[in-house]
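# Survey of secondary and tertiary structure
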Amino acid sequence: MNIPQELKYTKDHEWVKIEGDTATIGVTDFAQGELGDIVYVEVETLDETLEKEEVFGTVEAVKTVSDLFMPLSGEIIEFNDSLEDEPEKVNEDPYGEGWMIKIKLTDTSEVEDLLSADEYKEVVGS
């Protein structure tokens, strides 16, 4: 299982890459493996400002539909449009081409609440 050291994580299996006051967010390798083949990613919250832990979208796999939760409060400034035609990118490259949204942070202090790679490994038991 791939858990990059430079990223932050949530107990809900989202990963976060912080760059200044912007964060890129996706689901972890563990999450995509648990979901199975992803057939659809829906994010209807573009340009909205959401609070930490609010639902920003859903991911539909062959066997289930799962909500996607905001790991940090912020305005959703970008959605990875390529996932509309190629949702399988989440399975193939969850930390690269399978990223889901970018947000402009509204409360940078929340970053401290995210899990390190080692803490996330404990959550998933690897």
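Below is a short write-up of the structure.

About the thresholds
All residue numbers refer to position in the chain's written sequence, counted from 1. In keeping with the model being predicted, local features are shown solely for residues with a pLDDT of at least 70 and side-chain atom pairs are shown and tallied solely at 80 or more, while totals for entire chains, interfaces and linings include all residues. Neither water nor hydrogens contribute to the side-chain values; these are computed over all heavy atoms in the structure. Helix numbering and strand numbering both begin at the N terminus, where a helix is a DSSP run of H or I of at least 4 residues and a strand a DSSP run of E of at least 2. Here the globule rule reads 2.2 Å times residues to the power 0.38, and the radius of gyration is calculated from C-alpha atoms. For each residue, the accessible area found with a 1.4 Å probe, counting protein chains only, is set against the maximum for its type, and the residue is called buried under 20%, exposed over 50%, and partly exposed in between. Working definition of accessibility: Shrake-Rupley area with a 1.4 Å probe, residue cover restricted to the visible protein chains. Of all possible arcs, the one meant is that of the directions from the helix axis to the C-beta atoms. Only heavy atoms matter for contacts: two residues are in contact if any of them lie within 4.5 Å across the pair.

With that settled, consider the overall build of the protein. Within the protein, the regular secondary structure consists of four helices and nine strands. In the protein, the succession of α and β elements from N to C terminus is β-β-β-α-β-β-β-β-β-α-α-β-α. Rg of the C-alpha trace for the protein: 13 Å, near the compact-globule value of 14 Å for 126 residues, within the 12% margin. The dimensions of the protein, computed from C-alpha atoms along their principal axes, are 35 × 35 × 20 Å. Looking at the protein as a whole, 47% of its 126 residues qualify as buried. When the accessible surface of the protein is split by element, carbon and sulfur atoms take 40% of a total near 6500 Å².

Here the focus is helix α4 (residues 117–124). Owing to its 3.6 residues per turn, the α-helix aligns residues three or four sequence positions apart on the same side. Among all positions in α4, only Ala117, Tyr120 and Val124 are buried. The arc enclosing the buried residues of α4, seen along the axis, measures out at 60°, which places them on a common side. The inward-facing, buried residues of α4 contact β1 (8–9) and α1 (29–35). Phi turns positive, to about 70°, at Gly125, one or two residues after α4.

As a further point, take the environment of Val43. Relative to the elements of secondary structure, Val43 occurs in the loop between β4 (38–42) and β5 (49–50). Separated by 14 residues in sequence, Val43 and Gly57 place their C-alpha atoms 4.3 Å apart. Look past the residues within four positions of Val43 in its chain and what remains in contact with it is Phe56, Gly57, Phe79 and Ile101.

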